[in-house]
Amino acid sequence: MRAVHAKRRMAEAPVAARSDPAPVLAAAGREAKPSAADLLAWYDRHRRDLPWRARPGETAEPYRVWLSEIMLQQTTIAAVRPYFAAFLDRFPTVEALASASSEAVMSAWAGLGYYSRARNLHACARAVVAQHGGRFPDTEEGLRALPGIGPYTAAAIAAIAFGRPAAAVDGNVERVVSRLHRVEGDFAQALMDLGATICTPKRPACALCPWLGPCRARQAGLQENYPVKAPKREGLLRRGAAFVAVKPDGAILLRTRPPKGLLGGMAEVPTSEWRGDYDSAKAVLDAPFEARWRRAPGVVRHVFTHFPLELAVLVGRAAADAPAPEGMRWTSRAGLADEPLPNLMKKVLALALGEALPERPKAARRRG
DNA sequence: AACACGTGGGG
DNA sequence: TCCCCAAGTGT
């Protein structure tokens, strides 16, 4: 039986009223217009079952929808899955998240990347609790005013959690599409699934597409040429040195990065500056204290969005009672698990200590 | 209007 | 290995 909930009915009524040919014929016709009904019929059969998604007939929880949308910004579902589960377990409600410490939130996010999202997530949770009584605004405009929620995410949450007639694409496309088809409801999610499973960047599965007929790029055989991408510049390699100071009991010297910018608010071992012309042979000059620093073999390579980085790793022993230099702290080996260490720093520690740090569980491979 | 901002997986 | 990218936002 076809799963249809109230939101869908509202969405379909206007679509059915349009003057297009019947959907079945439309799908086959080469010159037919793309119909929302075709897309939604496909969605009924192929919708993905995702933890943050409501089952057919159920209502999505705004907290889950919001959390998933923030995590999914520039991030794949496979990467998000385990983090989403862990977050929900640790912060079951927006109130729990709002009252958590910044360190706890950053630690839970560590490894997911784009850490400004975590800072804004926390700020958003606190705003929802303090200014909205713990309820998310149910309009695009209200959502848009919250930290970390831009035009895309506001539309996505409004549509998915509140059934608003918002297409989660940029504002211009949304306006055109919504006027063209008078669609609403879960059109947004249907479009997302189509893009994720059929209309993929490479080798799109056109034969399975509900919009095979009307697709102009496919008709021309040029589907892989779209969308046209802007050329991106190559980031220049930067180098630096990282200093892993170890006490006899295994404690490691750490500090917290400035709240904004690259890896903002995350933990790190002290490092030199990262520069294109850095000379790691003179790295000792940048050490946090005097010691017999030993160079670990090899380097740590890491690629950020806009530049690659190579870090030399130096390991030094500190006395049991050595005080932490200004702005730094000693963290026990067990305490490392609670530190918001980005993957770059996990690589550094792994190389320095000759062992992998306890990793958070990764999601099982999953297709589609 | 550009640019900064992480990471892991697939081809 | 190398290159590309994946549900964008903030400045």
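(A) Summary view of the pattern of salt bridges. Evaluated as defined, the whole model comprises twelve salt bridges. When the shortest N-O distance is used, the salt bridge between R64 and E61 registers 3.7 Å. Since its relative accessible area comes to 26%, R64 is described here as partly exposed. A salt bridge links R164 to D138; the nearest nitrogen and oxygen atoms lie 3.5 Å apart. Of this pair, R164 sits in the loop between helix 10 (151-162) and helix 11 (171-181) while D138 sits in the loop between helix 8 (116-132) and helix 9 (140-144), and the two are 26 residues apart along the sequence. The partly exposed category is assigned to D138, whose relative accessible area is 36%. Three or more residues joined by partner-sharing salt bridges are found here, namely R48, R53 and D193.

(B) Highlighting the protein's contact with DNA strand C. Taken together, 23 residues form the shell around DNA strand C, and within it E69, Q74, G148, P201 and K229 come nearest. The backbone of G150 places a nitrogen or oxygen atom 2.7 Å from a phosphate oxygen of DNA strand C. If you tally residues by element for the surface near DNA strand C, the top one is helix 10, at three residues.

(C) Focus on helix 8. Given a rise of 1.5 Å per residue, 17 residues ought to cover 24 Å, and the 22 Å separating the end C-alpha atoms of helix 8 matches this to within 8%. Looking one or two residues past helix 8, G133 carries a phi angle of roughly 65°, positive in sign.

(D) Focus on the protein's contact with DNA strand B. The local shell around DNA strand B holds 20 residues, among which Y115, L263, H302, H306 and N343 are the closest. Among atoms of DNA strand B positioned within 4 Å of the protein, sugar and phosphate together represent 64%. One of the backbone N or O atoms of L262 is found 3.1 Å from a phosphate oxygen in DNA strand B. Between a base nitrogen of DNA strand B and a side-chain N or O atom of T305, the distance comes to 2.8 Å.

(E) Molecular detail of the packing of aromatic side chains. Tallied over the full model, the rule gives nine aromatic pairs. Between the aromatic rings of W52 and F84, the centroid separation amounts to 5.1 Å while the plane-to-plane angle is 75°, which identifies the pairing as edge-to-face. On the criterion of sequence distance, the pair formed by W52 in the loop between helix 3 (36-46) and helix 4 (62-71) and F84 in helix 5 (residues 77-90) is long-range, its members being 32 residues apart. On the accessibility criterion, F84 (2% relative accessible area) is buried. Of the aromatic side chains, those joined through ring pairs into one cluster are Y63, W66 and F136. The cationic tip of R238 hangs over the ring face of F307; the distance from NZ or CZ to the ring centre is 3.6 Å.

(F) Representation of the pairing of strand 5 (residues 308-317). Of all ten residues in strand 5, seven are buried, a share of seventy percent or more. When strand 4 (residues 294-303) meets strand 5, the two strands line up antiparallel, connected through seven bridges. Bridged to R294 within strand 5 is V315. Between the end of strand 4 and the start of strand 5, which pair antiparallel, lie four residues.

(G) Structural detail: the environment of E103. Inspection of the secondary structure assignment puts E103 in helix 7 (residues 102-109). The exposed category is assigned to E103, whose relative accessible area is 52%. Taking the C-alpha atoms as reference points, E103 and G265, 162 residues apart in sequence, are found 8.6 Å from one another.

(H) Just helix 4, in detail. Among the ten residues in helix 4, eight count as buried, and that is most of the element. Listed as buried for helix 4 are Y63, V65, W66, L67, S68, E69, I70 and M71. Packed against the buried residues of helix 4 are helix 5, helix 6 (94-99), helix 7, helix 8, helix 10 and helix 12 (187-197).

(I) Here's a closer look at the nonpolar core. With 69 residues, the main nonpolar core has W66, F87 and V244 as its most contacted residues. Both domains that meet at this core, namely domain 1 (6-225) and domain 2 (238-353), each give it at least three residues. Those residues within four positions of W66 in sequence are excluded, and the remaining contacts are L97, L121, C124, A125, F136, I149 and I157.

(J) Structural detail: the side chain of S272. Examined against the element boundaries, S272 turns out to sit in the loop between strand 3 (267-268) and strand 4. When sequence neighbours within four positions are dropped, the list of residues in contact with S272 reads G240, A241, F243, Y278 and D286.

(K) Up close: the packing of helix 4 against helix 8. Between helix 4 and helix 8, whose axes approach to 10 Å, the crossing angle comes to 160°. On the basis of the axis angle, helix 4 is roughly antiparallel to helix 8. Between helix 4 and helix 8 lies a crossing whose hand is right-handed. Residues W66, L67, I70 and M71 of helix 4 pack against R117, L121, C124 and A125 of helix 8. Here the residues of the contact of helix 4 with helix 8 are counted per class, giving seven nonpolar, no polar and one charged.

(L) Broad picture of a nonpolar patch on the surface. The grouping of L222, Y226 and V228 at the surface amounts to a nonpolar patch, some 320 Å² of accessible area in total. Within the element layout of this structure, L222 appears in the loop between helix 13 (216-219) and strand 1 (238-246).

Calculation criteria
Residues numbered from 1 in each chain as written. Chains lettered and ligands numbered in written order. Predicted model: local features only at pLDDT ≥ 70, side-chain atom pairs only at ≥ 80, totals over all residues. Heavy atoms only, no water. Salt bridge = Lys/Arg side-chain N within 4 Å of Asp/Glu carboxyl O. Buried < 20%, exposed > 50% of the residue type's maximum accessible area, 1.4 Å probe, protein only. Helix = DSSP H or I, 4+ residues; strand = E, 2+ residues; numbered from the N terminus. Near = heavy atom within 4 Å. Polar contact = N/O pair within 3.5 Å; in protein donor to acceptor, adjacent residues only side chain to side chain. Expected span 1.5 Å × (residues − 1). Phe/Tyr/Trp six-rings, centres within 6.5 Å; stacked < 30°, edge-to-face > 60°. Lys NZ or Arg CZ within 6 Å of the ring centre and 35° of its normal. Pairing = 2+ DSSP bridges. Contact = heavy atoms within 4.5 Å. Core = buried A, V, L, I, M, F, W, Y, C linked by side-chain atoms within 4.5 Å. Domains from an automatic or database assignment. Axes fitted to C-alpha atoms, helices over the stretch in contact; angles between N-to-C directions. Parallel < 35°, antiparallel > 145°, perpendicular 65-115°, else oblique. Left-handed = near helix turned anticlockwise from the far one by under 90°. Nonpolar A, V, L, I, M, F, W, Y, C, P; charged D, E, K, R; others polar. Patch = residues over 30% accessible without salt bridge, like charges linked within 9 Å, V, L, I, M, F, W, Y side chains within 5 Å. Areas by Shrake-Rupley, 256 points an atom, 1.4 Å probe, with all protein chains shown as cover.

Interpretation in functional terms is not warranted from these geometric data alone.
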